[in-house]
Amino acid sequence: MSTVTPTVERNLHEMLRDAPMMNDSNTAVHSGFTNQQLPKPIKTFTNPEQESLTSPTKGNDSLKLPLAKIETIKCWGVSTYKCTRQLMYEKLGKTSRTVDKDLETQIDFLRDTQKKYSNLAKLSRILSSHFYHVVQTQQALGEAFSELSQKSPELQEEFKSNAETQRSLSKNGEMLLNALNSFLSSINTLCSKTIEDTLMTIRQYETARIEYDAYRMDLETLAQTPRTDANTVRIDEAQLSYQKYKEDFEKLRNDVEVKLKFLEDNRIKVMRSQLTLLNGAVAAYFSGNHQLLESTLKSYCIKNVKVSPIAAPWLER
């Protein structure tokens, strides 16, 4: 049995004396901490998504949005598949398509009209661009004649007369260019805005027609299946989808018919006015009738302003 030396015993007494006071010695010995050193309770943090899943109300709300997106993507995929299949079967002659012959004739006429009017606008743009350079040349030629009339006394009257003629031609040419630009602007508006707006509705109508025929074919196919409970449910669902796309198709068909009627009335009105303007302006210009040319522009509220060259689009060069 070992004995404790006086030095070691003294050191133990000093350590005990310097130790901090403890309120509950049993607790301190058991836990290994004093009251001041006891660890604080640890607060647990949970993931908001996990918390929402544990809460029935929050979980349902958070799941609504992704489920709605999944359902939308699913419906889009099914509709795209049916429409693609319908188009393929139509090209292969394996199914029928809904055709409104009178409406199809009007649509074909409108597309052909837009094509021809676009070509008319292209030619008018080229004419306006070329004629602008003619007017610019006439102005330069008039200035050259005027300058020579001052430096050539022996030919002063001849140079002066030619200078006045070129100035008159260039002035009348600017007025004709204003008429050409007005004509071109009207055709561009008619082709790129008015007709294009109707064609956009027609494209929507054609898409609706494909959807309608696709779901009609589905309904006709299901109607030939045996009458089971499962098939009856599928037929009822197909009938609802068919009815929805049928209503969309008929609504767009009515919209197309109305737009075609208004477009035809507007086209005739605009073109009659612009063709009369162009014909009158060209005839007055080449007959040298300045007063008639000026009155023609005034009757169509066209101001005689300085014109700039109209360059053809780079795709047409």
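Calculation rules
- Residues numbered from 1 in each chain as written.
- Predicted model: local features only at pLDDT ≥ 70, side-chain atom pairs only at ≥ 80, totals over all residues.
- Heavy atoms only, no water.
- Helix = DSSP H or I, 4+ residues; strand = E, 2+ residues; numbered from the N terminus.
- Buried < 20%, exposed > 50% of the residue type's maximum accessible area, 1.4 Å probe, protein only.
- Contact = heavy atoms within 4.5 Å.
- Areas by Shrake-Rupley, 256 points an atom, 1.4 Å probe, with all protein chains shown as cover.
- Arc of directions from axis to C-beta.
- Polar contact = N/O pair within 3.5 Å; in protein donor to acceptor, adjacent residues only side chain to side chain.
- Axes fitted to C-alpha atoms, helices over the stretch in contact; angles between N-to-C directions.
- Parallel < 35°, antiparallel > 145°, perpendicular 65-115°, else oblique.
- Left-handed = near helix turned anticlockwise from the far one by under 90°.
- Nonpolar A, V, L, I, M, F, W, Y, C, P; charged D, E, K, R; others polar.
- Phe/Tyr/Trp six-rings, centres within 6.5 Å; stacked < 30°, edge-to-face > 60°.
- Lys NZ or Arg CZ within 6 Å of the ring centre and 35° of its normal.
- UniProt positions renumbered as here; feature names shortened; annotations may be inferred.
- Core = buried A, V, L, I, M, F, W, Y, C linked by side-chain atoms within 4.5 Å.
- Expected span 1.5 Å × (residues − 1).
- Bend = angle between axes of the 7 residues up to and from the residue.
- Salt bridge = Lys/Arg side-chain N within 4 Å of Asp/Glu carboxyl O.

1. Observations regarding the overall build of the chain
The helix and strand tally for the chain stands at eight helices and zero strands. Along the chain direction, N to C, the helices and strands of the chain fall in the order α-α-α-α-α-α-α-α. Per-residue burial for the chain yields a buried fraction of 30% across its 317 residues. Of all intrachain contacts in the chain linking residues separated by at least 6 positions in sequence, the fraction that spans at least 24 positions is 79%. With the model as given, the accessible surface of the chain reaches about 22400 Å², and the carbon-plus-sulfur share is 58%.

2. Topic: helix α8 (residues 290–299)
The α-helix advances 3.6 residues per turn, and as a result positions three or four apart in sequence lie on the same side. Three or more residues of α8 are buried, namely H290, L293, T296 and L297. The buried side chains of α8 occupy one side of the element, clustering within an arc of 130° when seen end-on. Away from its buried face, by an angle of more than 90 degrees, α8 presents the exposed residues Q291, K298 and S299. Considering only its buried residues, α8 is in contact with α6 (156–223) and α7 (229–286). With a side-chain oxygen positioned 3.4 Å from the backbone nitrogen of Q291, the residue opening α8 is N289.

3. Some details on the packing of helix α5 (residues 101–151) against α7
To describe two helices that pack against each other, one gives the angle between their axes and the distance between the axes. Their axes nearest at 12 Å, the elements α5 and α7 cross at an angle of 25°. Classified by the angle their axes make, α5 and α7 are roughly parallel. The two elements α5 and α7 meet at a crossing, and its hand is left-handed. Contacts from L103, Q106, I107, F109, L110, T113, Y117, L120, F131 and Q138 of α5 reach α7 at R253, V256, E257, L260, L263, E264, R267, M271 and Y285. Along the lines of polarity and charge, the residues of the contact of α5 with α7 split into twelve nonpolar, three polar and four charged.

4. Here's the deal with the packing of aromatic side chains
On inspection of all chains with the given rule, the structure shows seven aromatic pairs. The interplanar angle of 5° and the centroid separation of 5.0 Å between the aromatic rings of Y212 and F249 together place this pair among those described as stacked. With Y212 in helix α6 and F249 in helix α7, the pair connects residues that are 37 residues apart, well separated along the chain. Each of the two residues, Y212 as well as F249, counts as buried. One aromatic cluster is present, formed by Y205, Y212, Y242 and F249 through successive ring pairs. Over the ring of Y245 we find K244, and its NZ or CZ is 4.5 Å from the ring centre.

5. Some points on the UniProt feature "coiled-coil region" (unreviewed entry) in the chain
Under the UniProt annotation, "coiled-coil region" (unreviewed entry) lies at residues 235–266. For residues 235–266, the end-to-end C-alpha separation is 46 Å, with 100% helix and 0% strand making up the annotated structure.

6. A few points about the nonpolar core
L110, I187, I202, Y205, L260 and L293 are the most contacted members of the largest nonpolar core, which totals 43 residues. Elements supplying a minimum of two residues to this core: α5, α6, α7 and α8. Counting residues per element, this core draws most heavily on α6, at 18 residues. Sequence-distant contacts of L260, that is, excluding residues within four places in its chain, are made with L103, Q106, I107, L110, T198 and I202.

7. A few points about α6
The terminal C-alpha atoms of α6, which comprises 68 residues, lie 97 Å apart, in line with the 100 Å expected from a rise of 1.5 Å per residue. Maximal helix bending in α6 amounts to about 40°, located at E196.

8. Side note on the environment of S168
Mapping S168 onto the fold places it in helix α6. Linking S168 and G142, residues 26 residues apart in sequence, is a C-alpha distance of 9.1 Å.

9. Details of the side chain of T198
Looking at the secondary structure, you find T198 in helix α6. T198 sits in the buried class, given a relative accessible area of 4%. Excluding residues that lie within four positions of it along the chain, T198 makes contacts with L110, K259, L260 and L263.

10. Quick word on the pattern of salt bridges
For the structure shown, the criterion picks out 16 salt bridges. One salt bridge in this structure joins K82 and D218, with 2.2 Å as the shortest N-O distance. Residue K82 is located in helix α4 (residues 56–92), and its partner D218 is located in helix α6; the two are separated by 136 residues in the primary sequence. The two residues K82 and D218 agree in class, both being buried. Where K261 meets D265, a salt bridge forms, and the shortest distance between an N and an O atom there is 3.6 Å. Highlighted residues: K261 and D265, both in helix α7, separated by four residues, approximately one helical turn. Under the relative-accessibility criterion, K261 is labelled exposed at 54%. Residues joined in a network through salt bridges with shared partners are E90, R97, R209, D213, R216 and E220.

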